Amino acid sequence: MSTKLFLILAGVLWGTGGLAGALLQNLAGLHPLAVAAYRLLLGGAIATVFLSAQIRRLRFTKAVIRRLLGVGALLAIFQASYFGGVAMTSVSLATLVTIGSSPVILAIAGAVRSRHLPGLRTLLCIALALTGLALLAGMPSTRDIGHTVIGIALCLVAASGFSAFTVINRVPVLPAGPTISLGLLIGGLILLPIALPLGMTLPMRFDVLMTALFLGLVPTAVAYGSYLLALRGASAVAAALSAVLEPLTATVLSVLFFDESLGTVGVIGAVLLGIALAVNYSAESGSAQSEPSLPARRTDAGVGT
């Protein structure tokens, strides 16, 4: 599967995560942070079981341990900050700020590092994506200015965490599968002290368990695994732009299955997001649009014989 297809797969599967997480929250009466902890823990556990043979061959060198701790911490920061931003503002504003600012942060970082401005294609993609996200989100409902400022700050922290996750994983220290499986587990364990006091009791019902299983497997283990695989052949900005498929997919699913109305403005926003993605994916998968190529490393550096 090509880099572009891995990015598309990751973005589309992420789009099912919001609906699955909201459903689990309603079915089990969980706090959003408890849902986030379950998402990381279940995703990590499922992927670890599936990749157990490969993980047993790992050599846990200092570089491998540092990478796993970094991935886990960044995943925990992203989840906690994003849900904190949602609680302080709204889902639409939090999604707009978090997903919209990630490619901007990466473009600025790439320009500073390379001492060159981003290419016209990259700037066009970012502009179209930001405009499309704003139109798709509509006019967000927020509370007082204090809550809004704090919420936006948390969303920027979440975007920075996702950006850092993207950057560090472009140069692999160990294979993508073990990286994401163990990283998800570590991230879930980091969130546990926050989530446990909020209540994590999961009713032993078929619908609850299947929803939790889907949340951990599809939009988490498979989606993040696909994203890590794609990072090895795409620029950081191009990879981050694939995240705009998340709200686009969630919106389409809401319209199809929950009879929600998109409206003219929302349709225009969705079209602009589609154009941004088409422009982004029209480049060669391996081209670095906004930054120089990173030196390649062996992908099996952490695997024993």
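Everything in this summary refers to the structure shown in the same document. (Residues numbered from 1 in each chain as written. Predicted model: local features only at pLDDT ≥ 70, side-chain atom pairs only at ≥ 80, totals over all residues. Heavy atoms only, no water.)

## Details of the overall build of the protein
So the rule is basically this: Working definition: helices are DSSP H or I runs of at least four residues, strands are E runs of at least two. Numbering for both runs from the N terminus. Only protein chains enter the accessibility calculation, which uses a 1.4 Å probe; a residue is then buried when its area is under 20% of its type maximum, exposed when over 50%, and partly exposed in between. In this analysis, two residues are considered to be in contact whenever any of their non-hydrogen atoms come within 4.5 Å of each other. Per-residue accessibility takes into account occlusion by the displayed protein chains alone, with areas from the Shrake-Rupley method and a 1.4 Å probe.
Scanning the protein from terminus to terminus reveals 12 helices and zero strands. Along the chain direction, N to C, the helices and strands of the protein fall in the order α-α-α-α-α-α-α-α-α-α-α-α. When burial is assessed residue by residue, the protein has 51% of its 305 residues classed as buried. The contacts of the protein with a sequence gap of at least 6 include a subset with a gap of at least 24, amounting to 91%. Per element, the accessible surface of the protein, about 13700 Å² overall, is 72% carbon and sulfur.

## Points about the environment of Gly-17
Among the secondary structure elements, Gly-17 is positioned in helix α1 (residues 3-28). When the C-alpha positions of Gly-17 and Pro-219 are compared, they lie 5.0 Å apart, and in sequence the two are 202 residues distant. Those residues in contact with Gly-17 that sit more than four places away from it in its chain are Leu-215 and Pro-219.

## A few points about the pattern of salt bridges
Spelled out, the test is: Salt bridges are defined as contacts in which a side-chain nitrogen from Lys or Arg sits within 4 Å of a carboxyl oxygen from Asp or Glu.
The tally for this structure, following the rule as stated, stands at one salt bridge. Taking the shortest distance from any N to any O, the salt bridge between Arg-205 and Asp-207 comes out at 3.3 Å. Overall, Arg-205 belongs to the partly exposed group, its relative accessible area being 37%.

## Comments concerning the packing of aromatic side chains
Threshold: Only rings of Phe, Tyr and Trp enter the pairing, Trp through its six-membered ring, and a pair is recorded when the two centres are within 6.5 Å. The plane angle decides the type: under 30 degrees is stacked, over 60 is edge-to-face, the rest tilted.
For the coordinates displayed, the defined rule picks out nine aromatic pairs. Each ring, one from Trp-14 and one from Tyr-224, has its centre 5.3 Å from the other, and the planes form 65°; the classification is edge-to-face. In this pair, Trp-14 sits in helix α1 while Tyr-224 sits in helix α9 (residues 206-231), placing the two residues 210 residues apart along the sequence. The exposure classification of Trp-14 matches that of Tyr-224, with both residues buried. On the numbers, 5.6 Å between centres and 65° between planes, the contact of Tyr-82 with Phe-83 is edge-to-face. Classification of Phe-83 as partly exposed rests on a relative accessible area of 22%. Three or more aromatic residues joined by ring pairs form one cluster here, namely Trp-14, Phe-78, Tyr-82, Phe-83, Phe-162, Phe-165, Tyr-224 and Tyr-227.

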